[in-house]
Amino acid sequence: MQHDLRRLHGLNRAKLGFMMIFGLFGKKNGNRRIVERQYATLTQAARHPYLYEALDVPDTVMGRFEMLSAMLILYFRRTRASGTSGQEIAQEIVDAFFEDVDHSIRELGVGDVGVPKRMKKFAGMFYGRLESYAAALDSGDRDGLANALRRNIYPEAGEGAPSMAGLASYLFAAEQAMMAVGEDAIAVGALAVAEPGHEGHTLGR
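Throughout this description, residue numbers start from 1 for each chain and increase along the sequence as written. Side-chain atom pairs in this predicted model are given and counted only at pLDDT of 80 or more, local residue features only at pLDDT of at least 70, and totals for whole chains, interfaces and linings cover all residues. The basis for every side-chain value is the complete set of heavy atoms in the structure, and neither hydrogens nor water enter the calculation.

A. Structural context of the overall build of the protein. Secondary structure counts use DSSP, requiring at least four H or I residues in a row for a helix and at least two E residues in a row for a strand, with both numbered from the N terminus. Helix and strand content of the protein: 10 helices and 2 strands. Taking all 205 residues of the protein together, the buried fraction comes to 48%. In this description, contact between two residues means that some pair of their heavy atoms is separated by no more than 4.5 Å. Here the analysis covers contacts within the protein between residues at least 6 apart in sequence; of these, 65% occur between residues at least 24 apart. As displayed, the protein offers around 10400 Å² of accessible surface, 52% of which is attributable to carbon and sulfur atoms. Relative accessibility under 20% of the residue-type maximum defines a buried residue, over 50% an exposed one, and the middle range a partly exposed one, all with a 1.4 Å probe and only protein chains included. Where accessible areas are quoted, they stem from the Shrake-Rupley method and a 1.4 Å probe; at the residue level, only the protein chains shown are allowed to cover.

Printed below as a string of structure tokens:
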């Protein structure tokens, strides 16, 4: 039975978030190349050197997790109003992200018994970010987004953490650019991402 993502998003956001994260919507093998293409673009954007050299993101495993989470959140927000095909692709991209997280956890030497607990933690982190970033983006609150980024990226730095104002401004610009992209690009996995530091340019085309 096909789930209506727009209806679920409106009625139960928490349920939708975790259903997406743990892959409880049916996958379609025909989307595989599209998903790989779009996920590669989002990953490329999350690893852009400018984020780490000029926008105060630490070039660490967790710093890269934070940036890929942010890119996925922007992508999810763009596709939540898409048709069924676009929402299926978005769900599979989130699944691919958590498959990567699972692989990374195992590479760090975490055994099979400990992986589910770690995955649950990362899922909670991702959905918490989705909620807080969405609230700031929806209200146009750049300071609020900067503060949320600061708390998440530098959880133990306190007042000594960077302001993250530059990163917040970039994410607002990146979302605005995504919202201008047509459904034809979504359907084939060709949604480009604004390049940080050169927001008039895009990554992924």
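B. Molecular detail of the packing of helix H8 (residues 142-153) against helix H9 (residues 165-179). In this description, a line fitted to the C-alpha atoms serves as the axis of each element, helices being fitted only across the stretch in contact, and the angle between N-to-C directions of two axes falls anywhere from 0 to 180 degrees. Look at H8 against H9: their axes get within 8 Å of each other, and the N-to-C directions meet at 120°. Relative to H9, H8 is oriented oblique. The chirality of how H8 crosses H9 is right-handed. Across from Arg-142, Leu-145, Ala-146, Leu-149 and Ile-153 in H8, the residues of H9 making contact are Ala-165, Leu-167, Ala-168, Ser-169, Leu-171 and Phe-172. Each residue receives one of three labels: charged for Asp, Glu, Lys and Arg, nonpolar for Ala, Val, Leu, Ile, Met, Phe, Trp, Tyr, Cys and Pro, and polar for the others, Gly being one of them. Tallied by class, residues from the contact of H8 with H9 come to 9 nonpolar, 1 polar and 1 charged. Geometric relationships in this document are graded by angle, where less than 35 degrees denotes roughly parallel, more than 145 denotes roughly antiparallel, 65 to 115 denotes roughly perpendicular, and other angles denote oblique. Crossings are assigned a handedness: left-handed for a near helix turned anticlockwise from the far helix by less than a right angle, right-handed for a clockwise turn.

C. Here's a closer look at the pattern of salt bridges. When a carboxyl oxygen of Asp or Glu is within 4 Å of a side-chain nitrogen of Lys or Arg, the pair counts as a salt bridge. All chains considered together, the criterion is met by 7 salt bridges. Between Asp-59 and Arg-64 there is a salt bridge; the shortest N-O distance is 2.9 Å. Classification of Asp-59 as exposed rests on a relative accessible area of 55%. Given a relative accessible area of 35%, Arg-64 falls into the partly exposed group. Of the charged contacts, one joins Asp-138 and Arg-80 as a salt bridge, the two residues approaching to 3.8 Å between their closest N and O atoms. Of this pair, Asp-138 sits in helix H7 (residues 115-139) while Arg-80 sits in the loop between helix H5 (61-79) and helix H6 (84-107), placing them 58 residues apart in sequence. Taken together, the salt bridges that share partners define one network made up of Arg-77, Arg-80, Asp-138 and Glu-175.

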